Each structure stands twice: as structure tokens, then as C-alpha cells.
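As a plain string of letters, each chain reads:
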Amino acid sequence: MDLILARNRTDLIKARGGGTLALVPTMGALHEGHRSLIRLARDRADQVVVSVFVNPLQFGPGEDYSRYPRTFDADLAACREEGVDVVFAPAAGDMYLPDRQVSVCAGEMGRIVEGASRPGHFDGMLTVVLKLFNLVRPDVAVFGQKDAQQLSMIRRMVADLDVPVEVVGAPTVREPDGLALSSRNRYLSAGERRVALALSRALRAGAGEPTPARVRAAASKVLAEAPPELELDYLVLVDPATFTEVSDPYEGEAVLAVAAKVGATRLIDNMVVRLGR
Ligand code: PAF
């Protein structure tokens, strides 16, 4: 069956099949990372819906909302190739009521790490994700581990608000040289792209170490040696569920997360680190 393009709730209801449904929320500009999410969704449900919506609520003043890449025709072609059943692409003006009052508050966890650098970002992200869950009513929703704090916040929202959906995290897809795939990579010049490789190099250096102090030291050393075009925002080693910093002694999984500006482009990346024995 050919791909269905849904623009609103009525279209979504018409397109709904009888079996299980998986949702892959995206802001478009689809790349191989999104394709891996779609393939995972295909394995998990009878019908796959990909949403394409650049959500104004999760961008702060001065961020890249207006220039965020919008490549809708290519996104549709990618979805067709991946056997997606429905693309849900609401018009910007149709998603939010003009007199909208109520939104999701991400709480304390939304104000730390990435949330400290992007005030309001997680409130806006969770608000649109909850709306997408309510509109699409998926059994399963797939998100990338690349946005690790986003994934944790969505799991938190689903638990705290009893949202009836299973949240599945998918591994980060990387270029052969280590750069994590991101829609924002297309902003980088060739030179900036080379500088950006310091992020994944730092994570790999830290990931081999056995204790929090040594993980931080190894990753920091790589970043300190990076060219000055790389402007570090944060490097943290956090508990994957709460995003609070972990310290020695610590055993188990932690997330080593980094954010930096390379030229005008802000990039984030992370790796799961296994500490202790
Ligand atoms: O990860 C993204 O692309 C966005 O934050 C999401 C989850 C689609 C919400 O707008």
C-alpha cells in the first residue's frame, strides 16, 4: 500500500489499521539515524507512523528554528523507501491552538545539563511529544539515544503521567569516523566537521576508563586539545535515569554527555559508559 499523508487527527483516524502501531517522532531532515529508528519501529509493530513537525516550542530565542532544515519531499521519499505506512505532517498553525494555555512542565530534570543551556527546551519537547502520543495513539514510540536526556525525560513523563505507550530507545548511528548523525551536521563546513570529531573522540577516550574521575579526566583531555573553534558547553557523567552527576565510587551504567558549539552550530553527543568491575 502506498504511503498515506495525514495532516490532522481525522486523517490519522482514517489511516489507522487494526493491528499494533509504532510512532517515530521526528522534525524531518531525515538521515540514516532516523531510518534506523523506522526499521526498529517496523520490527515492533504492524503499522508505522512517522511524524514530521519542526516544533517551535522547543527552540529558544536566537536558536535555529527558522533555519532548521526543512526537506519534506526528501523525507517523504525516505519514508516510502523504508516502508512507512503513514507520515503525519501537521501544518505549524494546526498543531497549537492560538489561545493555548496548558503545557507539560519537565520539572527539575528539565532544568539541568541540556536544560540548563536551553531553558524551556524540555517543556516544549515534552508538550509536543505528549500531543503526538494523544493524536497518533501508538503502542510503541521509538526515540534515538543520541538525544539521551530527551529519551530519559520522555520515559519520566510516560511514568509520571501514566501515558499508555512503550518507549523504545535506539542506538546512535555514527559516520565511519565517529561523528554522530544529526540533522544539524549539514550546517558544518568541511573544516568544522573535522573539528567536531573531537566530541566522539573525547567520548571514546572516556568510555574506556573504570571510574567517574578517570572517565571525566580522559574525555576532558581530548577536548582541551581540540582546536579553538570548538567551544565546550558541558561535559558531564550522569545517571541515565536522572541526569544527575555520578561520582566515585560508582558501579553500573552512566551517560557521558557532551555539548559544544563548532562555529555557529551547537552539537550534542553521548556514550553509555559501564563503570566498576
Ligand atoms: O528529537 C526530535 O527530533 C524532537 O525533539 C522530537 C522528539 C521529534 C520532538 O519534537
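Calculation rules
- The written sequence of each chain sets the order in which its residues are numbered from 1.
- At least 70 in pLDDT is required for a residue's local features to be given in this predicted model, at least 80 for side-chain atom pairs to be given and counted, and no such filter applies to totals for whole chains, interfaces and linings, which use all residues.
- Calculated side-chain values reflect all of the structure's heavy atoms, with hydrogen atoms and water omitted.
- When at least one non-hydrogen atom of a residue lies within 4 Å of a molecule or strand, that residue is treated as near it.
- Pairs of N or O atoms within 3.5 Å make up the polar contacts considered here, provided that, within protein, one atom can donate a hydrogen while the other can accept it, and that residues adjacent in sequence are counted only when both atoms are side-chain atoms.
- Shrake-Rupley sampling with a 1.4 Å probe provides the accessible areas, and residues are treated as covered by the protein chains on show and by no other component.
- A run of DSSP states H or I qualifies as a helix once it reaches four residues; a run of E qualifies as a strand once it reaches two. Both are numbered from the N-terminal end.
- Only Asp, Glu, Lys and Arg are considered charged, only Ala, Val, Leu, Ile, Met, Phe, Trp, Tyr, Cys and Pro nonpolar, and every remaining residue, Gly among them, polar.
- The pairing criterion for strands is at least two bridges between them, as found by DSSP.
- An axis is simply a line fitted to the C-alpha atoms; with a helix, the fit covers only the stretch in contact. Between two such axes, the angle follows the N-to-C directions and lies from 0 to 180 degrees.
- Cavities and pockets are found on a 1 Å grid laid over the protein atoms alone: a cavity is a set of points where a 1.4 Å probe fits but cannot escape, a pocket is an open set with protein on both sides within 12 Å along at least five of seven lines, and a lining residue has an atom within 4 Å of such a point.
- Grid points are joined across faces, edges and corners, and a volume is the space filled by probe spheres set on the points.
- UniProt positions are given in the numbering used here, feature names are shortened, and annotations may be inferred rather than shown by experiment.
- With a 1.4 Å probe rolled over the protein chains alone, any residue whose accessible area is under 20% of its type maximum counts as buried; one over 50% counts as exposed, and the rest are partly exposed.
- Contacts are assigned to residue pairs with any non-hydrogen atoms lying within 4.5 Å of each other.

Considerations on the site of the ligand
Close to the ligand lie Pro25, Thr26, Met27, Asn55, Gln58, Met125, Val128, Phe143 and Gln150, which account for all nearby residues. Here Gln58 contributes a side-chain N or O atom positioned 2.6 Å from an oxygen atom of the ligand. Gln150 is positioned with one of its side-chain polar atoms (N or O) 2.7 Å from an oxygen atom of the ligand. Protein coverage of the free-state accessible area of the ligand, which is 290 Å², stands at 89%. At the level of secondary structure, the elements contributing two or more residues to the shell around the ligand comprise strand S2 (21–26) and helix H6 (121–136). Its residues assigned to classes, the shell around the ligand comprises five nonpolar, four polar and no charged.

Thoughts on the sheet that holds strand S8 (residues 252–262)
Strand order in this open sheet of three strands is S7-S8-S9, and the pairing throughout is antiparallel. With partners counted over all chains shown, the strands left at the sheet margins are strand S7 (230–238) and strand S9 (265–275), one partner each. Taking each pair of neighbouring strands and ignoring which way they run, the sheet shows an average axis angle of 15°. Bridging between S7 and S8 involves eight bridges; their strand directions are antiparallel.

A few points about the layout of surface pockets
Taken as a whole, the second largest pocket spans an internal volume of roughly 360 Å³. Contributing to the lining of the second largest pocket are 19 residues, with Met95, Tyr96, Leu97, Arg100 and Lys131 lying nearest its centre. For the lining of the second largest pocket, the secondary structure elements donating two or more residues are helix H4 (92–95) and H6. Top element by residues in the lining of the second largest pocket is H6. It accounts for five residues. For the lining of the second largest pocket, a count of residues per class yields nine nonpolar, five polar and five charged.

Observations regarding the UniProt feature "binding site: beta-alanine" (unreviewed entry) in the chain
UniProt feature "binding site: beta-alanine" (unreviewed entry): in the numbering of this structure it lies at Gln58. Of note, Gln58 is situated in the loop between strand S3 (47–52) and helix H3 (72–81). What makes Gln58 buried here is its relative accessible area of 9%. Those residues in contact with Gln58, other than ones at most four positions away along the chain, are Met27, Glu63, Arg118, His121, Gly124, Met125 and Val128.

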